[in-house]
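Spelled out, the chains give:
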Amino acid sequence: MAVHDISALESGASSVEGVPLSRRDAILTSIDRALGHLVEIPAALLVVAEVIILFIGVVARYGFHRPLIWSDELSSILFLWLAMLGSAVAFRRGEHMRMTALVASVGPRMWAFLDVVGTCAALAFLLMIVAPSFEYAYEESYITTPALQIANSFRAAALPVGISLMIVFALLRLVRYGQVRTLLTALGTVVAIIGLFWLAEPLLRTLGNLNLIIFFVGVVALCVFAGVPIAFGFGLAIFGYMALTTRTPMMVLVGRMDEGMSHLILLSVPLFVFLGLLIEMTGMARAMVAFLASLLGHVRGGLHYVLIGAMYLVSGISGSKAADMAAVAPVLFPEMKARGAKPGDLVALLSATGAQTETIPPSLVLITIGSVTGVSISALFTGGLLPGVVLAITLGALVWWRYRGEDLNHVKRASGRDIFKAFIISVPAIALPFVIRAAVVEGVATATEVSTIGIVYAVLAGLLIYRQFDWNRLKPMLVDTACLSGAILLIIGTATGMAWGLTQSGFSRSLAAAMTGLPGGGATFIAVSIVAFVILGSVLEGIPAIVLFGPLLFPIARLVGVHEVHYAMVVILAMGIGLFAPPFGVGYYAACAIGRVDPAEGIRPILGYLLALLIGLIIVAIFPWISIGFL
């Protein structure tokens, strides 16, 4: 999953109210930095608190057989605060997810203009939703939590606080912008568009379900392709739909956002993100890669096979593709380049393995599917392993063909003793993905609980076994965890609001009738879904697409006789191909950034890998046993 900067601060020579711009900028930057620290520190502490509370709950339940009835409730309260503070951190850093492929191609002047439009559009949504969020938090004060016996407003207050902080950061960013003319033009554009929709309200109320196309296709497409962060594009679409075409109070939208972000299973998102950062910092990922390299480094294309295998193993620990790629690429790329591999081919294969391993538990997409569709997390974790192997085989076949003539005269084969030594060193790291999967599948712990076990395991392994634990990196890692998690969870919140709007409109019933009426039954439904989710994956990324369309399409899959776990694997792999396919797939650009390779160099090599992935996806789609054979 990729993130991009949405700020474009430019300097100028003008002055504002007699104060030199440079001095004004210095003051505003100091305010922004101070406020940023005030938000980042509590966000980092919330990640630590969640790990401690959940781990204590696991020990109490399974170690002393005396479960703490308040632990899940307290975790839920803190989780919403973590999501909203993390969203504020992501907003300040400009790390909310968005699609930049089209924006980047329009030239620097238009790029700067659209950057400011993105900030103004996000600010517009925040300003419109802030009052209903305060109203919602007040209404929640009448509800008392069952275990802690405190007002639920303590939890719900995170929404108006987080929204208010994002408003402040947006205003600071705009005030610091140096080009006044560009700023006013962008602000005027956003205000004009919103004004036109408001004036068109009487007409919109007569259009019925045609408004679904106007808001959920037109507005979303306009926002996404203009570079507006996806979460705020979704928010503007559902807010406009509800405000201008229905009489639903906006507090209901805030409630749906709260519901979307508050599923306890989603608490595993920040914990697995943090676990992914830990395995890189503690040297566990390096140990796994070193063992695989000792086994296969001497064969033609060997390190490419190692890259495929290492991504498979590391994905079994971390739920974040960015964390997986960042853990593997720096270890392998230098040696692969020394052997003559082209940088473009390396980044193409790295992108392909990112798509290949999307189904490997504990994938964040798997967790999200379980949260929004009700499919068993244990079944998803079991079903996700073999499809990843199938795609690894198809990628490996292409690697064999491309590197069958590689010159390895300068490569020394590792001795049996070296391989055994590398294996012994890697055992604690290799064991972790199996522990995570076994704990969830066997019912020993939930996905959320096992993530805390994994974190404690990784910390102890780093301190006691690998003797590699950089305490100075801990705070930045915790802040990065909160930031990425906040960006993901805000998308889930606004996408949940959109999904609710689609359901209330009756669209889900119409879609079900249309899809069940397709000739060919389940086979045609799967084929249409593959095409749709490749496109959605490239435009919206995996998690927003799943939250938006999962509740609509999974019931239809059951109606046409497609097993829900099999369907989950097919759509996840299709989204993965879209996510990592240029020119729109932002995952591809994340891989290029991690590998420090010009995106243009990987365009030609990745076409073959995408074809290999597509062949693997078709095999998985044709043979359901690959996904459900071990359930």
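As shown above, the structure is provided for reference.
What comes next is a walk through the structure. (Residues numbered from 1 in each chain as written. Predicted model: local features only at pLDDT ≥ 70, side-chain atom pairs only at ≥ 80, totals over all residues. Heavy atoms only, no water.)

### Focus: the packing of aromatic side chains
Counted by the stated rule, this structure contains twelve aromatic pairs. Judged by centre distance (5.5 Å) and plane angle (45°), the ring pair of Phe 197 and Phe 215 falls under tilted. Placement of Phe 197 in helix H6 (residues 180–199) and of Phe 215 in helix H8 (residues 210–225) is noted, with a sequence separation of 18 residues between them. Using a relative accessible area of 26% as the deciding quantity, one classes Phe 197 as partly exposed. On the basis of relative accessible area, Phe 215 is assigned to the buried category, the value being 2%. On the numbers, 5.1 Å between centres and 75° between planes, the contact of Phe 554 with Tyr 567 is edge-to-face. A residue pair is termed long-range when its members are at least 10 positions apart, and Phe 554 in helix H24 (residues 542–559) and Tyr 567 in helix H25 (residues 564–579) qualify at 13 residues. Each member of the aromatic cluster is reached from another via a ring pair, and the members are Phe 197, Phe 215, Phe 216 and Tyr 241. (Phe/Tyr/Trp six-rings, centres within 6.5 Å; stacked < 30°, edge-to-face > 60°. Helix = DSSP H or I, 4+ residues; strand = E, 2+ residues; numbered from the N terminus. Buried < 20%, exposed > 50% of the residue type's maximum accessible area, 1.4 Å probe, protein only.)

### Some points on the environment of His 298
Inspection of the secondary structure assignment puts His 298 in the loop between helix H12 (284–296) and helix H13 (302–315). The class for His 298 is partly exposed, based on a relative accessible area of 23%. Separated by 88 residues in sequence, His 298 and Leu 210 have C-alpha atoms that sit 61 Å apart.

### Details of the pattern of salt bridges
As enumerated under the stated definition, the model contains 13 salt bridges in all. With a closest N to O distance of 3.3 Å, Arg 92 and Glu 40 form a salt bridge. With Arg 92 in helix H2 (residues 71–93) and Glu 40 in helix H1 (residues 21–63), this pair connects stretches of sequence that are 52 residues apart. Residue class for Arg 92 comes out partly exposed when judged on its relative accessible area of 24%. Of the charged contacts, one joins Asp 258 and Arg 155 as a salt bridge, the two residues approaching to 2.7 Å between their closest N and O atoms. With a gap of 103 residues between them, Asp 258 in helix H10 (residues 250–261) and Arg 155 in helix H4 (residues 153–156) connect regions that are remote in the sequence. One exposure class covers both Asp 258 and Arg 155, and it is buried. (Salt bridge = Lys/Arg side-chain N within 4 Å of Asp/Glu carboxyl O.)

### Some points on the packing of H13 against helix H15 (residues 343–356)
Contact geometry for H13 and H15: axes closest at 9 Å, N-to-C directions at 30°. Considering their axes alone, H13 and H15 lie roughly parallel with respect to each other. Considering the relative orientation of H13 and H15, their crossing is right-handed. Touching His 304, Leu 307, Ile 308, Met 311 and Tyr 312 of H13 are Asp 345, Leu 346, Leu 349, Leu 350, Thr 353, Gly 354 and Gln 356, all from H15. Broken down by class, the residue content of the contact of H13 with H15 amounts to seven nonpolar, four polar and one charged. (Axes fitted to C-alpha atoms, helices over the stretch in contact; angles between N-to-C directions. Parallel < 35°, antiparallel > 145°, perpendicular 65-115°, else oblique. Left-handed = near helix turned anticlockwise from the far one by under 90°. Contact = heavy atoms within 4.5 Å. Nonpolar A, V, L, I, M, F, W, Y, C, P; charged D, E, K, R; others polar.)

### Notes on the layout of surface pockets
Computed from the structure, the second largest pocket encloses a volume of approximately 610 Å³. Breaking the lining of the second largest pocket down by element, the ones donating at least two residues are H8, helix H21 (474–504), helix H22 (507–516), helix H23 (522–540) and H24. Split into classes, the residues belonging to the lining of the second largest pocket amount to 24 nonpolar, two polar and no charged. (1 Å grid on protein atoms, 1.4 Å probe; cavity = no way out; pocket = protein on both sides within 12 Å on 5 of 7 lines; lining within 4 Å. Points joined across faces, edges and corners; volume = space filled by probe spheres on them.)

### Quick look at the packing of H12 against helix H19 (residues 416–441)
When two helices pack together, their arrangement is given by the angle between their axes and by how far apart the axes lie. For the pair H12 and H19, the least separation of the axes is 8 Å and the interaxial angle reads 135°. Accordingly, the angle class assigned to the pair H12 and H19 is oblique. Regarding H12 and H19, the two cross each other, and that crossing is left-handed. The segment H12 lies against H19, with Met 284, Ala 287, Met 288, Ala 290, Phe 291, Ser 294 and Leu 295 engaging Ile 419, Ala 422, Phe 423, Ile 425, Ser 426, Pro 428, Ala 429, Ile 430 and Leu 432. Of the residues contributing to the contact of H12 with H19, the split by class is 14 nonpolar, two polar and no charged.

### Quick look at H19
Relative to the 38 Å expected for 26 residues at 1.5 Å per residue, H19 spans 35 Å between its end C-alpha atoms, a close match to the ideal helical length. Along H19, the sharpest kink reaches roughly 50°, centred on Ser 426 and followed within four residues by the proline Pro 428. Every buried residue belonging to H19 is among Ala 422, Ser 426, Pro 428, Ala 429, Ile 430, Leu 432, Pro 433, Ile 436, Ala 439 and Val 440, and all of these are buried. Positive backbone phi, approximately 80°, marks Gly 443, located one or two places after H19. (Expected span 1.5 Å × (residues − 1). Bend = angle between axes of the 7 residues up to and from the residue.)

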